Amino acid sequence: MYLMFLYLTLTLLNIFNVCTGDCGCQLNRNAKCTNEEQPHDKYSQALNDDDKNLKERADFDQTHMSLIEGATFEMGTDKPVFESDHEGPIRNITVSSFYLDKYEVSNKQFSKFIEETGYITEAEKFGDSFIFEMLVPESEREQYKDFRAVQAPWWIKMKGVTWKHPEGEGSTIDDRLDHPVIHVSWNDAQKYCNFVGKRLPTEAEWEMSCRAGLKQKLYPWGNKLNPKDQHWANIWQGDFPLTNTAEDGYLSTAPVDSFPPNKFGLHNMAGNVWEWTQDNWLNDPDAKVKKGGSYLCHESYCWRYRCAARSFNTKDSSAGNLGFRCAGDVKA
Ligand SMILES: [Ca+2]
Ligand SMILES: [Ca+2]
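Since the model is a prediction, treat every value here as computed from it, not as a measurement.

Caption draft 1: Representation of the overall build of the protein in the model. Within the protein, the regular secondary structure consists of seven helices and twelve strands. Looking at the protein as a whole, 45% of its 332 residues are labelled buried. Residue pairs at least 24 apart in sequence account for 71% of intrachain contacts in the protein once pairs closer than 6 positions are excluded.

The structure is reproduced here in structure tokens:
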């Protein structure tokens, strides 16, 4: 009954084009933020189906991947922070062995993919993407006042923002090739992983990898946020959304190999950028589960850098705090 209620609520939000979201959790490309023209009025799905150069590879390079041994683990939590996210209850889930990238896919890797394929991302086709207000120069913010997410006005849908120009025209990735690629949709992520012979991880694979053998711990390293008085993930310090002291060293994205790895050798499973998974959100094939939280998450507002936490976006959505890593099958 509760599930049905939640599903109906989410469906209604979609129908009425309400642009919801906190730290980018439910940003939706179909949502009308204010009085802007709707991308889906201008573009058709056919634009996404013309990728002639995207041959899928049969095999993949295991360099910089961890072999995750098959196991049964406790997925979810009985102490959900966000009930509506369906973080619980705890259930035993068995996952077969698979490989997982140690790092989020970087700008450098994505650049190579684009060079080899000529692929055009969805943000490039739609002509815009969501960017966090603080990353827009103060002098330019006023002109975007009509392009803010209604319930999360710190998100601006900005023209010209793409993976290659993360803060719009004039910005580049030249000084952050080792940072995670952002402004990529689920469809883009899927295309990339398939091209390199991999796939997106399932949510269960992702969560088991985040936990790295620890049972019912909040984070990939344990329950304390800053053991040894160190920062273990790129998240938000300060008062969200006004002040980010960047005590962890990063106001925005961090290099994909920064912060200590978990026991499975995986970096930034918590924080830095959200990561797309294969799974549908509440059986909606157009909404996909994302995991891990991002550099915008803070305990006071979006405490979603816990392994059990989850959220979603529509699969054509993109934002400045959303990326991915790929998984690979173990061949028999
Ligand atoms: Ca940070
Ligand atoms: Ca991450």
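Caption draft 2: Representation of the pairing of strand E9 (residues 284–291) in the model. For strand E8 (residues 274–281) and E9, the ladder comprises four bridges, and the chain directions are antiparallel. Looking at the pairing, Asn280 lines up with Lys288 of E9. Relative to strand E10 (residues 311–314), E9 runs antiparallel, the two sharing four bridges. Within the sheet, the bridge partner assigned to Lys288 lies in E10 and is Asn313.

Caption draft 3: Representation of the nonpolar core. Trp155, Ala189, Tyr192 and Leu200 are the most contacted members of the largest nonpolar core, which has 65 residues in total. No other element matches the five residues that helix H6 (residues 186–195) contributes to this core.

Caption draft 4: Seen up close, the environment of Met158. Along the chain, Met158 turns up in strand E7 (residues 152–159). The buried category is assigned to Met158, around which 23 C-beta atoms lie within 10 Å. Along the primary structure Met158 and Val136 are separated by 22 residues, whereas in three dimensions their C-alpha atoms are 9.3 Å apart. Sequence-distant contacts of Met158, that is, excluding residues within four places in its chain, are made with Asp128, Ser129, Ile131, Val136, Tyr144, Phe147 and Gly168.

Caption draft 5: Inspection of the sheet that holds E10 at higher detail. The strand order across the open sheet formed by four strands is E10-E9-E8-E11, and the pairing between neighbours is mixed. In this open sheet, the two edge strands, each paired with only one partner strand, are E10 and strand E11 (322–323).

Caption draft 6: View of the sheet that holds strand E12 (residues 327–329). A sheet is described by the order of its strands in space; here three strands give the open sequence E1-E4-E12, paired in antiparallel fashion. Of all the strands in the sheet, just strand E1 (65–68) and E12 have a single pairing partner and so form its edges. Each adjacent strand pair in this sheet contributes to an overall mean axis angle of 25°, direction not counted. As judged from the four bridges shared by E1 and strand E4 (residues 98–101), these two strands associate in the antiparallel manner. Note on E4: the bridge partner recorded for Met65 is Asp101.

Caption draft 7: Here's a closer look at helix H7 (residues 203–211). Within H7, eight of the nine residues are buried, leaving the element largely enclosed by the surrounding structure. Among all positions of H7, only Glu203, Glu205, Trp206, Glu207, Met208, Ser209, Cys210 and Arg211 are buried. Just past H7, the residue Ala212 takes up positive phi, approximately 50°.

Rules and cut-offs
In this convention, every chain numbers its residues from 1, walking through the sequence in written order. For this description, chains carry letters from A and ligands carry numbers from 1, given in the order in which they are written. The model is predicted, so local features are restricted to residues of pLDDT at least 70 and side-chain atom pairs to those at 80 or more, both for listing and for counting; the totals for chains, interfaces and linings are taken over all residues. By definition, any uninterrupted DSSP run of H or I lasting at least four residues is a helix, any uninterrupted run of E lasting at least two residues is a strand, and each is numbered from the N terminus. Buried, partly exposed and exposed are defined by the number of other C-beta atoms within 10 Å of a residue's own C-beta, namely 20 or more, between the two limits, and 12 or fewer respectively, with C-beta atoms placed from the backbone. Here, residue contact means that the backbone-derived C-beta atoms of the two residues sit within 7 Å. Here, a strand pair is defined by DSSP locating no fewer than two bridges between the strands. Buried Ala, Val, Leu, Ile, Met, Phe, Trp, Tyr and Cys residues whose C-beta atoms connect them within 7 Å together make up a nonpolar core. Note on method: axes are straight lines fitted to C-alpha atoms, helices fitted across the in-contact stretch only, with angles between N-to-C directions ranging 0 to 180 degrees.

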